[in-house]
Amino acid sequence: MAVTFSYLHTEEGLKSLNDFLSGKTYISGDQLTKDDIKVYGAVSEKPSGSFSNAATWYDAVSSSLAASFPGKAQGVKFAASGAAPAAEAPAKAKTIASPRRGILAMDEFNATCGKRLDSIELENTETNRQAWRKIIYEESVMT
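How each quantity is defined
- Residues numbered from 1 in each chain as written.
- Predicted model: local features only at pLDDT ≥ 70, side-chain atom pairs only at ≥ 80, totals over all residues.
- Heavy atoms only, no water.
- Helix = DSSP H or I, 4+ residues; strand = E, 2+ residues; numbered from the N terminus.
- Polar contact = N/O pair within 3.5 Å; in protein donor to acceptor, adjacent residues only side chain to side chain.
- Buried < 20%, exposed > 50% of the residue type's maximum accessible area, 1.4 Å probe, protein only.
- Contact = heavy atoms within 4.5 Å.
- Expected span 1.5 Å × (residues − 1).
- Arc of directions from axis to C-beta.
- Core = buried A, V, L, I, M, F, W, Y, C linked by side-chain atoms within 4.5 Å.
- pLDDT = per-residue confidence, 0-100.
- Salt bridge = Lys/Arg side-chain N within 4 Å of Asp/Glu carboxyl O.

Residue placement: R116 occurs in helix α5 (residues 110–119). Only 2.6 Å separates the side chain of R116 from the backbone oxygen of G41, close enough to count as a polar contact.

Below, the structure is given as structure tokens:
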């Protein structure tokens with residue numbers, strides 16, 4: 001049965017994830033799966049110590065992912081990221097919901113993908129972005 005997490009960039013969302021991970025190492029089962037990668041991608045940074053289960057899980061996923069990427073990261077930081085103003089949200093939602101449109105995990109900008117790579121101390125290069133995207137879709141990388 002699928003589990004749903006919402007607003008993982010908020011305290012409430014992280015609490016939900018933290019509670020779910022109580023007594024677990026991974027999202028689905030006892031090894032890293034695509035579910036972990038999807039959730040990891042939605043968590044903007046390592047959860048604070050007040051979310052110990054989520055922080056431990058984040059470290060486990062980060063460690064596994066770091067082993068899958070070549071090269072040494074130089075470190076990249078992002079100053080800020082802004083959300084669309086509330087007035088623009090209905091129009092954006094209508095566009096996304098229109099026929100032959102939608103959002104895929106692969107639709108993220110290079111800078112967004114770079115945030116994921118930065119969290120595991122990897123450089124934001126085309127090679128690393130391709131490896132990241134490959135991990136999302138290829139189960140063989142997880143086993």
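This paragraph deals with the side chain of N128. With respect to the helices and strands, N128 occurs in helix α6 (residues 126–137). Given a relative accessible area of 4%, N128 falls into the buried group. Excluding its chain neighbours within four sequence positions, the residues that come into contact with N128 are F69, P70, L117, L122 and E123.

Right, let's get into helix α3 (residues 52–66). For an α-helix, the turn length of 3.6 residues means that residues three or four places apart are oriented alike. Helix length check: α3 (15 residues) gives 21 Å between terminal C-alpha atoms against 21 Å at 1.5 Å per residue, within 8%. Among all positions in α3, only A54, A55, W57, Y58, V61, S62 and L65 are buried. The arc enclosing the buried residues of α3, seen along the axis, measures out at 160°, which places them on a common side. For α3, the exposed residues set more than 90 degrees away from the buried face come down to T56 and S63.

Let's shift gears to unusual backbone geometry. Unlike most non-glycine residues, Y7 shows phi in positive territory, near 55°. Residue placement: Y7 occurs in the segment before α1 (11–20). With relative accessibility at 60%, the residue Y7 sits in the exposed group. Positive phi outside glycine occurs at E121, with the angle close to 60°. Summarising the element assignment, E121 is placed in the loop between α5 and α6.

Time to look at the nonpolar core. Core analysis: the biggest nonpolar cluster contains 27 residues, and L17, W57, L65 and F69 have the highest contact counts within it. Among the elements that take part in this core, α3 stands out by supplying five residues, more than any other. The contact partners of L17, leaving out residues within four places of it in the chain, are F5, L8, I27, V39, V43, A54 and W57.

With that settled, the discussion passes to the environment of P70. For P70, the position within the fold is in the loop between α3 and α4 (89–97). Residue P70 is classed as partly exposed on the basis of its relative accessible area of 47%. Filtering out sequence-adjacent residues up to four positions away, P70 remains in contact with L122, T127 and N128.

Before going further, it helps to examine the confidence of the model for the protein. When pLDDT is averaged along the protein, the result is 80, and 79% of the positions lie at 70 or above. No element of the protein has a lower mean pLDDT than α4, at 77, and none a higher one than α1, at 94. Throughout residues 139–143 the model reports pLDDT below 50, and contacts reaching past four residues in sequence, or to other chains, amount to eight contacts.

Overall, the coordinates contain three salt bridges when judged by the stated rule. For E126, the salt bridge identified is with R129, shortest N-O distance 2.8 Å. Linking E126 with R129, this pair stays in helix α6, spanning three residues, or about one helical turn. Relative accessible area serves as the criterion here: at 9%, R129 is assigned to the buried category.

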